[in-house]
Amino acid sequence: MDIRKFKLVKGLAEYDLNAFEHFLHVPEGLGFDMTYTFLRSGESFIETDGYQSQKEISGEIVFRDYSEYTDFIEFIGDNDQLKFGYYVNAAWNYINAKVASIGKSEIGTNGVLICPVTFIAFGTWYTPLTYTGTSISIQNGSIPSPIRIEVDGALATFTWSIGGKTGTWNGTLEAGQTLVIDSNPESIEMAIYQGGTFVSNEYVNGDFETERFLYAPAGTNTLTVSKTSRVEVNRYAYSV
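What you are looking at is a predicted structure, and each value in this text was computed from that prediction instead of being measured. Sequence order as written defines the numbering, with residues in each chain counted from 1. Two thresholds apply to this predicted model, a pLDDT of at least 70 for residue-level local features and 80 or more for giving and counting side-chain atom pairs, whereas whole-chain, interface and lining totals are computed over all residues. Hydrogens and waters are ignored; side-chain quantities use all the structure's heavy atoms.

A. Here's a closer look at the nonpolar core. Only buried Ala, Val, Leu, Ile, Met, Phe, Trp, Tyr and Cys residues count toward a nonpolar core, and they belong to the same one when joined by side-chain atoms within 4.5 Å. The buried label goes to any residue with under 20% of its type's maximum accessible area, the exposed label to any with over 50%, and the partly exposed label to all in between, with areas taken from a 1.4 Å probe on protein chains only. Core analysis: the biggest nonpolar cluster contains 26 residues, and Leu8, Leu17, Phe63, Phe72, Phe84 and Phe119 have the highest contact counts within it. Of all elements in the fold, only strand S1 (5–10), strand S7 (56–63), helix H1 (66–76), strand S8 (82–88), strand S9 (91–102) and strand S10 (113–121) reach the threshold of two or more residues within this core. Where helices and strands are cited, they refer to DSSP runs of H or I of at least four residues and of E of at least two residues respectively, numbered from the N terminus. For this core, the element with the most residues is S10, which contributes five residues. Ignoring any residue separated from it by four or fewer positions in sequence, one finds Leu17 in contact with Phe6, Lys7, Leu8, His22, Phe23, Leu24, Ile61 and Phe84. Contacts are assigned to residue pairs with any non-hydrogen atoms lying within 4.5 Å of each other.

The following block contains the structure:
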C-alpha cells in the first residue's frame with residue numbers, strides 16, 4: 001500500500017507533518033481546478049483562454065500541546081521560501097507555498113489542539129530532476145518545465161540548447177565562480193556567484209539574439225551545454 005506523507009521544507013530544515021506530536025489531518029486541495037473564459041457566438045461558446053486556478057491546500061494540524069503549536073509557528077518564521085511536500089507514488093512532490101491562515105483554539109476534551117490550516121500555492125506540483133553533463137536526456141512530463149543551469153569557471157562564452165532553441169552568454173567567469181542561468185519565473189536570473197555569494201547580474205551579457213531562458217519541452221528531449229554543468233529541471237504536474 002502506498003502511504004501518503006506530508007512535510008514542509010524551509011531551506012535545509014524540514015517539518016514532518018506525519019509525526020505523532022503534530023500531523024496533518026483531512027487534507028484537501030491536492031488536485032486542481034481550471035478557469036476558462038469564453039466568447040459567445042450565437043448559440044455557441046468559444047473558449048478564449050484556459051489556465052489552472054491558484055491552488056489552496058487545507059486541512060487540520062493536530063498538535064499534542066501548545067508547545068508543538070509554538071514550534072510550528074517558529075518553523076514558519078517569516079513565511080518565506082516555504083515548500084509543501086507530498087509523498088505519493090513512491091516520490092516526493094513539492095509546491096511553493098505560504099501559510100495563508102492557521103487557527104488556534106483551546107485544547108479539547110480529547111487532549112489535543114486541532115487547528116484548521118490553509119496553504120496558498122505559488123505554482124503547481126513539481127518533482128526536482130537533477131543531472132550533470134554536457135549532453136543530458138531530460139525525461140520530462142506533459143508540461144514544459146523551467147531549467148536551472150550552473151556552470152563553474154573559468155570561461156568566457158557559454159551556450160545551451162534544447163528543443164530547437166538556444167541560449168548564449170558572453171562574459172567573463174573566473175575560476176572559483178559559478179554562472180547560474182535560471183528560467184523559473186519565481187527565481188529567474190542570469191548571474192555570477194562565488195561561494196554562494198552574489199557577484200554580478202549577467203543579464204546584459206546574455207545574447208539577445210538567442211532565447212536565453214529555456215524550458216524543457218514535454219516528453220524526452222536532450223539539453224546540450226558547452227561545458228559540463230549541473231542542471232535542475234522541475235517536472236511540473238497539475239496533480240500528483
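B. Molecular detail of the pattern of salt bridges. By definition here, a salt bridge exists when the distance from a side-chain nitrogen of Lys or Arg to a carboxyl oxygen of Asp or Glu is within 4 Å. Within this structure, the stated rule accounts for eleven salt bridges. Ionic pairing is found between Asp78 and Lys10, a salt bridge with its closest N-O pair at 2.8 Å. With Asp78 in the loop between H1 and S8 and Lys10 in strand S1, the pair connects residues that are 68 residues apart, well separated along the chain. The salt bridge involving Arg230 is made with Glu150; its shortest N-O contact spans 3.3 Å. With Arg230 in strand S19 (residues 220–237) and Glu150 in strand S12 (residues 145–152), the pair connects residues that are 80 residues apart, well separated along the chain. Residue classification places Arg230 among the partly exposed positions, given a relative accessible area of 35%. The exposure class of Glu150 is partly exposed, given its relative accessible area of 22%. Three or more residues are tied together by salt bridges with common partners; here these are Arg148, Glu150, Asp152, Asp182, Glu189 and Arg230.

C. View of the packing of aromatic side chains. Aromatic contacts are taken between Phe, Tyr and Trp rings whose centres are within 6.5 Å, Trp giving its six-membered ring; a plane angle under 30 degrees counts as stacked, one over 60 as edge-to-face, and the others as tilted. A full pass over the atoms with the stated rule returns 18 aromatic pairs. Measuring from ring centre to ring centre gives 5.3 Å for Phe32 and Tyr238, while their planes differ by 45 degrees; the resulting arrangement is tilted. Linking Phe32 in the loop between strand S4 (22–28) and strand S5 (34–41) with Tyr238 in the segment after S19, this pair joins segments that are 206 residues apart in sequence. Judged by centre distance (6.3 Å) and plane angle (40 degrees), the ring pair of Tyr36 and Phe38 falls under tilted. Look at Tyr36 and you get partly exposed, because its relative accessible area is 42%. The structure contains a cluster of three or more aromatic residues connected by ring pairs, namely Phe6, Phe84, Tyr86, Phe119 and Trp125. Whether a charge sits over a ring depends on NZ of Lys or CZ of Arg being within 6 Å of the ring centre and within 35 degrees of the ring normal. Over the aromatic face of Tyr87 sits the side chain of Lys5, whose NZ or CZ is 5.2 Å from the ring centroid. Just above the ring of Trp92 sits the side chain of Lys7; from NZ or CZ to the centre is 4.2 Å.

Such coordinate-based values are descriptive only and should not be taken to indicate function.
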